[in-house]
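# Fold and geometry: a report
The residues making up each chain are set out below.
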Amino acid sequence: MFNGLTLGALLVLVAMGLTIIFGALGVVNFAHGALYALGAYAGLVAYEYTGSFAAAMAAGAAFLLAVGIVIERGLIRLYYERPAEDQILATFGVAIVLVEGLRAIFGGLARNIPAPSWAAGIVNLRVTLYPTYRIDVLAIVGVSLVALYFILYRTRLGLIVRAGIEDQLMVNILGINVTRTFLTVFGLGAMAAGFAGVINAPIVTVSPDMGADVLVQSFVVIVIGGVGSFWGAVVGGLIAGEILSLVAMIEPAYSQVALFATMALVLILRPQGLFGVEGRQ
Amino acid sequence: MAQRTKNSVSRRRVLQGAAAAAGTLPFIHVPGSFAAEEAIGNFPAGVKAHSIFVGVTAPLTGPYSADGEDHLKGYQLAIEHLNEGTGLAEHIPTLKGKKGVLGKKIEYKYGDTQTQPNPAVQIQTGFITQDKAIMITGSLNSAVAIALEKLAQRYKVLNMVGCSGANETTGVDCQRYAFRSQPSAYMAAKALAPVLGKEIGKNKKSIYLVPDYAYGHSVEKSTGEFTEKKLGWKSLGSQVCPLGTTDYSSYLLNIANSGADVFVNVAFGADAVASCKQAKQFGILDKMKMVVPNISAFQGKELGPEIMGGVYGTMDFWWTLAETNPLAKVFVDTFNARFKYRPSWPAHVGYSQMMVWADAVTRAKTFNPLKVIAELEAGHKLQMPLGEVWYRKEDHQQVRAVPVVVGKTKAEMRNEDDFFKIVGLTPGPEVMPPDFLGCKMPSA
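Please read these numbers as outputs of a predicted model, since none were measured by experiment.

Secondary structure summary: chain B contains 17 helices and 15 strands in total. Across its three principal directions, the C-alpha atoms of chain B cover 90 × 45 × 35 Å. By the burial criterion, 56% of the 444 residues in chain B qualify as buried. Long-range pairs, those at least 24 residues apart, make up 72% of the contacts in chain B between residues at least 6 apart in sequence.

This is the structure we're talking about:
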């Protein structure tokens, strides 16, 4: 049960970047997994130079913010008005370029960012031993989600984003630069993916393909929670984490099956997802 | 299917022509050699004036990509050595002093299987139909290996199987056109069990982490069988997980709380790295002994001696064999000179399969797959980096020694690649399955 919570927290963090970009811009970002991997490698480089995990977190987030801005200006900007299939193809292409770029620079061998010293070791939770880092991750995820929530829902930027989705022309007429806002949002989404990559790095292994699995998981999470919804991603991630770990306690071979079965069930009973709004896009 | 449009002459015309030819030229003699060397698969179409083509596949993306790169380098080196008559080719009597195989230069292309059967089959189908491959080879996963075995059987093209540890590869899925060199799960488990009995003890409780495909289930079954029968170990069950899992926490929690003495980790490649690392984080490695029945190519390098020190397992080959076997030294030294690191075992599989094939072709004096198969099935013993190796006729499994290894601690390491110590080199004949594991060899 508790493991479901920490597993879920990691899933929420990973899915958040995907849902922000889709919710605000309507872009299906298939490069999400690649951005996640890129973030982990940026963190790895920073860690190897400084030996500090905090520096790795900062580097992963900052580098991906920059990368997100470049990708938005250079490519995504041209795709807002085009059908979803075009967006999928373009972002999928970006993903291939990024992943193969990582492989060319760093090679295929798995690399490692160790857990920071303040989170190394094991805690005895009476019922079981548990890695300290995974518990600390709960706090890290909590803080970063609160920060994101405030940016998106309690600032002028968030207001413009949400207004821009409803009626871009009107917002433009009011003299607000929507283009720049969209740029910021894409940057934020990429940053969230990169940050998730660094946070996951001490748990999983850092390799060019590390994002492949993540892309699928993120989609499952946001489909359950409701595509584009902030709270949907949070609840979807926690539900997915609990399903994975509770089913694994009973019959490990069926935990993944159970997750996808749940997703199918949600799609049948409530196609817009638990927190989704009907009829958008 | 494409052949139909190629020749637009109708059957009727052909029959008429044949009848006319028979009538006017009744005394032309059909040369005997033509009838004897009947076309089969890509033979003789794939034998060009100066070259033949070999199709190579390896996973360059996906969870086994690090192992796949090593595998591919083994093929590259072997093909260079065969074409130039250097390396091990200088030490194999049939190949000594020759360039190429039967005087033909080996040309090759390689493709990325993505660690999945479908792309692998697509790529090799292209090599067979477009490039007229005379032999196909290369895989790092039993699902891929078995799919390619079936492909080879269908197209009647020889397949010197790459890396594959499942019993099925030379068991229920064995094929006349396919030959596997890596030890099966059965052979690995039989070689490993006595060492585990000596080092870990008898009557232990074990628990398994098993990737959900042919290889995982094979290894679990065979390791369970030998540790139970020979050592009185008791399995507390298995945690079955999908190939490519990144977070093993839910499985590892069950393992941590199972009360087992021994954790048998069957995960492979990047999955092995992630699961071992997380097992350490969950404190499993502090209270249980870890056994990895088939250790991945770079598991030592990627996890380091802190995690792999004291871990028991088997490998197809480990480079310190070069200290005792002069042919292993030739392979390890030439590889190290060419690629700047000591080869891991997927490179050895690729390298040795090419050499064994070249030797068989040279002895058969033809690329005709039927004759090469007969030559391989004849069980001719060849001196290789593992000592004497030969193929068994009944199931096409190579009879070869199985190295049993233990991970070194940091203090024991002598250089940057020195992660394992060979604690046993079990002779091939001692570990072969007597019942051929359900292989019913199809005809050619």
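On we go.
The next subject is the environment of Val 356 of chain B. Residues and elements named next belong to chain B. Its place among the elements puts Val 356 in helix H15 (residues 345-364). For Val 356, a count of 22 C-beta atoms within 10 Å translates into the label buried. Separated by 34 residues in the primary sequence, Val 356 and Trp 390 place their C-alpha atoms 8.8 Å from one another.

This part is about the sheet that holds strand E1 (residues 51-58) of chain B. Residue and element names in this part refer to chain B. Taken together, 5 strands build an open sheet; the order of strands is E2-E1-E3-E4-E5 and the sheet is parallel. Since the sheet does not close on itself, it has two edges, and those belong to strand E2 (105-112) and strand E5 (178-180), each with one partner. In this sheet, adjacent strand axes meet at a mean angle of 20° when their direction is disregarded. With 3 bridges joining them, E1 and strand E3 (residues 135-137) adopt parallel strand pairing.

This part is about the packing of helix H2 (residues 32-50) of chain A against helix H3 (residues 53-74) of chain A. Residue and element names in this part refer to chain A. Contact geometry for H2 and H3: axes closest at 7 Å, N-to-C directions at 135°. Judged on the interaxial angle alone, H3 and H2 are oblique. As for how H2 packs across H3, the hand of that crossing is right-handed. Of H3, the residues touching H2 (which contributes Leu 35, Leu 38, Gly 39, Ala 40, Ala 42, Gly 43, Ala 46, Tyr 47 and Thr 50) are Phe 53, Ala 55, Ala 56, Met 57, Ala 59, Gly 60, Phe 63, Leu 64 and Val 67. The residue inventory of the contact of H2 with H3, partitioned by class, reads 14 nonpolar, 4 polar and no charged.

The next subject is the confidence of the model for chain B. Residue and element names in this part refer to chain B. Per-residue pLDDT for chain B has a mean of 91; in total, 92% of the residues score no lower than 70. Counting interchain partners and residues more than four positions distant, the pLDDT-below-50 stretch residues 1-9 has 1 contact. Note on residues 17-35: pLDDT is under 50 here. Beyond four places in sequence and across chains, it has 1 contact. Listed scores for the predicted complex are pTM 0.84 and ipTM 0.83.

Residues and elements named next belong to chain B. Read across the sheet, 7 strands follow the order E7-E6-E8-E9-E10-E14-E15 without closing on themselves; strand pairing throughout is mixed. Because the sheet does not close on itself, it has two edges, and the strands there are strand E7 (234-241) and strand E15 (420-426). Taken over all neighbouring pairs, the strand axes of this sheet differ in orientation by 20° on average, direction set aside. Sheet topology note: the strand E9 (residues 289-294)/strand E10 (residues 312-314) ladder contains 3 bridges and is parallel.

Below, the discussion takes up the domain arrangement of chain B. Many analyses report the size of an interface as the accessible area lost when the parts associate. Residues and elements named next belong to chain B. Under the domain assignment used here, chain B contains domain 1 (51-183 + 320-400) and domain 2 (186-315). Of note, the centres of domain 1 and domain 2, computed from C-alpha atoms alone, are 28 Å apart. Taken together, the contacts link 17 residues of domain 1 with 21 residues of domain 2. Residues belonging to the side of domain 1 that touches domain 2 are distributed by class as follows: 9 nonpolar, 5 polar and 3 charged.

As a further point, take the pairing of strand E6 (residues 205-211) of chain B. Residues and elements named next belong to chain B. Most of E6 sits out of view: 6 of its 7 residues are buried. Where E6 and E7 come together, 6 bridges link them in parallel fashion. Looking across to E7, one finds that Val 210 is bridged to Val 240. Once you follow E6 into helix H8 (residues 214-231) and on to E7, the crossover reads as right-handed. In this structure, E6 lies alongside strand E8 (residues 262-265), joined through 4 bridges in parallel fashion. When the sheet's bridge partners are listed, Ser 206 is paired in E8 with Val 262.

Our next topic: the interface of chain A and chain B. Contacts between the two partners involve 25 residues from chain A and, on the opposite side, 32 residues from chain B. Among the secondary structure elements, those contributing two or more residues to the side of chain A that touches chain B are helix H1 (2-25), strand E2 (129-131), helix H9 (210-225), helix H10 (230-250) and helix H11 (255-269) of chain A. Broken down by element, the residue count for the side of chain A that touches chain B peaks at 4 residues, all from H10 of chain A. Across the side of chain A that touches chain B, the residue classes break down as 15 nonpolar, 8 polar and 2 charged.

Another point: unusual backbone geometry. All names here are of chain B. For the bond running from Phe 43 to Pro 44, omega is 0°, close enough to zero to count as cis. Mapped onto the elements, Pro 44 comes out in the loop between helix H3 (32-36) and E1. Even without being a glycine, His 396 presents a positive backbone phi close to 60°. Structurally, the position occupied by His 396 is in the loop between strand E12 (387-391) and strand E13 (398-399). What makes His 396 buried here is the crowd of 26 C-beta atoms within 10 Å.

Cut-offs applied
Residues numbered from 1 in each chain as written. Chains lettered and ligands numbered in written order. Predicted model: local features only at pLDDT ≥ 70, side-chain atom pairs only at ≥ 80, totals over all residues. Helix = DSSP H or I, 4+ residues; strand = E, 2+ residues; numbered from the N terminus. Buried ≥ 20, exposed ≤ 12 C-beta atoms within 10 Å, placed from the backbone. Contact = placed C-beta atoms within 7 Å. Pairing = 2+ DSSP bridges. Axes fitted to C-alpha atoms, helices over the stretch in contact; angles between N-to-C directions. Parallel < 35°, antiparallel > 145°, perpendicular 65-115°, else oblique. Left-handed = near helix turned anticlockwise from the far one by under 90°. Nonpolar A, V, L, I, M, F, W, Y, C, P; charged D, E, K, R; others polar. pLDDT = per-residue confidence, 0-100. Domains from an automatic or database assignment. Right-handed = clockwise from strand over helix to strand, strands pointing away.

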